[in-house]
Amino acid sequence: MMKTKQSRGRTSWLIIGAAVTALAAPPLAGPALAADAARDTGLTWRDCAGHGALTGMRCAEIKVPVDWAAPDGPKIKLDLARLPATESARRIGGVMGIPGGPGADGIEDLKRAAAGLTELRRRFDIVAYDSRTRVWLEQVPKSCMQPATTLHDPRSRKEYTAQATVMTKAFKACQKADKTGLFAHMDSLSVARDLEAVRQALGEERLSFMANSYGGVTAAAYARLFPQRIRAMYVDGVINQVPGWPDQALRTLPVTEKVFTKFIAWCAATPACKLHGQDVEAVWRKLTRDADRKPIPISSSQFGKGKLTGWHLRRLGFMNAQGPDDSLWLAFAESVDKARHGDGSGFADFVLANSRTWAVPGIMAMSCADERGYTGYAQLQKFRAQARKISQNFGGGPGMDALGCAGWPLKVANPSRPLPVRGLPPVLGVGSTWGDYAWTDTFTKMIPGSVTVAYDGPGHAVYLFGKKCPIAHATTYLTDLTLPRPGTTCPAEN
């Protein structure tokens, strides 16, 4: 996830969707506050004035080095928030939220999820923080937020090198404009060290964690550096950077195929579908082949002009319609029908927004040091061949995120490599069968004894949205350290 508005209010990227209103939490009993204050060793908690805080929420801040290799050098301030345990006499410890993004607002995540975490709060303080990537977004130079190019699918080594060179130039200019020093220190190992500083300041011997989305990269980094400090960990829709980004991209392709099959069945049963009564798969494949041969001109009032290719359609065309929502699927079918007749307007905004957003150096700098880019054109070609074998409808082209990190000028601080798992507690994961289950399951399978629960519906990081079944499993596990049985499934919830 990524944002464009530099404020605490949570606005969404056009790429992701609409904002969600924060939920209220129950009031605290008086004794919990007193016990809460007594546990602190290095933080000064205060009312969260100006944060739109929930009842009982307390705020603090901590300073950490910009560069952990130079601990006495420049510092940045990270904001923290805590909802203390409501039954302080039975308190077990703290649960730390690890936000996604990178650059997501962890405190806003806490406010959003709080109503669904009422049971968990009986025994735990729930702590949130805004990571260094969030600090970066609030201070990033404006010049860093301009797209370096409009990304395209390079069909030769020369094209790949040319596009990567443009990104390199933009990255270097952004680093030069950066006055914080953060540009070179936003890798997840640095973020994990920030988390450890928070743990120490909280005075907790060990913490439990709830990570979502890109927070899985931080969770793995923390497990790599500080395994003995993890009491338990719940991961929801997380990216698993350990086996590498191409691996995660390939694992999404069979899922997309399955969802597309659901769409085809829905269209066959829905007369209002523009492709009703037709061979939808054949229509889709012809459209993508034709668009590769002769790209369709498109334009957007916000993102300018461009060309719609088969690569765009396979990578992005169905992404915005992966849910059993008649309005989404009706719109997708209409967009396909228009595109095959030379009108790509139904895909224009989404395609052009992504093609430019993933080329913004200030955005990509938050994850390129986690080895998000391809190592070179040879790796891209290998990925292309693997993707084509896995998925005839959606394989073949490179990921825009990886193309955006091509040309990263600095050393990769947090490369993909095996995670030592000795001493780590079992992990509970939840993933949507419509999307991120494959990611989450690769994370939990690294750690012996772990379990992944399948959420049988669309969604991403579902605990943030109050889904009762996943939250119930998370609460039981984090409280009693009791995992559900392997193969457990949660039904879809409205």
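The structure contained in this document is the topic of the report that follows. Just so it is clear, the structure is predicted and the values come from calculations on it, not from any experiment.

This brings us to the overall build of the chain. Assigned secondary structure in the chain consists of 17 helices and 12 strands. Relative to the 2.2 N^0.38 estimate, which gives 23 Å for 494 residues, the radius of gyration of the chain is 23 Å and therefore close to what a compact globule would have. For the chain, the spread of C-alpha atoms along the three principal axes comes to 70 × 55 × 45 Å. Here the chain, with 494 residues, has 57% of them falling under the buried criterion.

Another point: the state of the cysteines. For the structure on display, the rule yields 5 disulfides. Disulfide partner of Cys-144: Cys-174, at an S-S distance of 2.1 Å. Handedness of the Cys-144-Cys-174 disulfide follows from its S-S torsion of about 110°: it is right-handed. Taken together, the residues Cys-144 in the loop between helix 4 (132–139) and helix 5 (157–177) and Cys-174 in helix 5 connect sequence positions 30 residues apart.

Another point: the sheet that holds strand 3 (residues 75–83). What the 10 strands build is an open sheet, ordered 1-2-3-5-4-6-7-10-11-12; its pairing is mixed. Strand pairing shows two members of the sheet lacking a second neighbour, strand 1 (46–47) and strand 12 (489–491), which therefore form its edges. Judged from the 3 bridges that link them, strand 11 (residues 451–456) and strand 12 form a sheet pairing that is parallel. Across the sheet, the residue bridging to Asp-456 is Pro-491, located in strand 12. Packed on one face of the sheet, helix 2 (residues 106–113) meets strand 3, strand 5 (124–129) and strand 6 (207–212) and runs near 140° to strand 5.

Okay, the nonpolar core next. Ranked by size, the top nonpolar core spans 113 residues in total, and within it Trp-136, Phe-209, Phe-263, Phe-318, Phe-332 and Phe-443 carry the most contacts. In this structure, Phe-318 is in contact with Thr-256, Val-259, Phe-260, Phe-263, Leu-313, Trp-329, Phe-332 and Phe-394, ignoring residues within four places of it in sequence. Leu-110, Ala-113, Met-210 and Val-462 belong to the second largest nonpolar core, which has 33 residues in total.

This paragraph deals with the pattern of salt bridges. What the rule picks out here adds up to 24 salt bridges. For Arg-122, the salt bridge is made with Glu-119, and the minimal N-O distance between the two is 3.1 Å. Judged by its relative accessible area of 31%, Arg-122 falls in the partly exposed class. For the salt bridge of Arg-134 with Glu-138, the shortest nitrogen-to-oxygen distance reads 3.5 Å. Remark: Glu-138 and Arg-134 occur in helix 4; sequence separation between them is 4 residues, near one turn of the helix. For Glu-138, a relative accessible area of 33% translates into the label partly exposed. Several salt bridges converge on common partners, so that one network encompasses Arg-82, Arg-91, Asp-125 and Glu-204.

How each quantity is defined
Residues numbered from 1 in each chain as written. Predicted model: local features only at pLDDT ≥ 70, side-chain atom pairs only at ≥ 80, totals over all residues. Heavy atoms only, no water. Helix = DSSP H or I, 4+ residues; strand = E, 2+ residues; numbered from the N terminus. Rg over C-alpha atoms; globule rule 2.2 N^0.38 Å. Buried < 20%, exposed > 50% of the residue type's maximum accessible area, 1.4 Å probe, protein only. Disulfide = S-S within 2.5 Å. Pairing = 2+ DSSP bridges. Contact = heavy atoms within 4.5 Å. Axes fitted to C-alpha atoms, helices over the stretch in contact; angles between N-to-C directions. Core = buried A, V, L, I, M, F, W, Y, C linked by side-chain atoms within 4.5 Å. Salt bridge = Lys/Arg side-chain N within 4 Å of Asp/Glu carboxyl O.

Just geometry here; none of it tells us what the structure is for.
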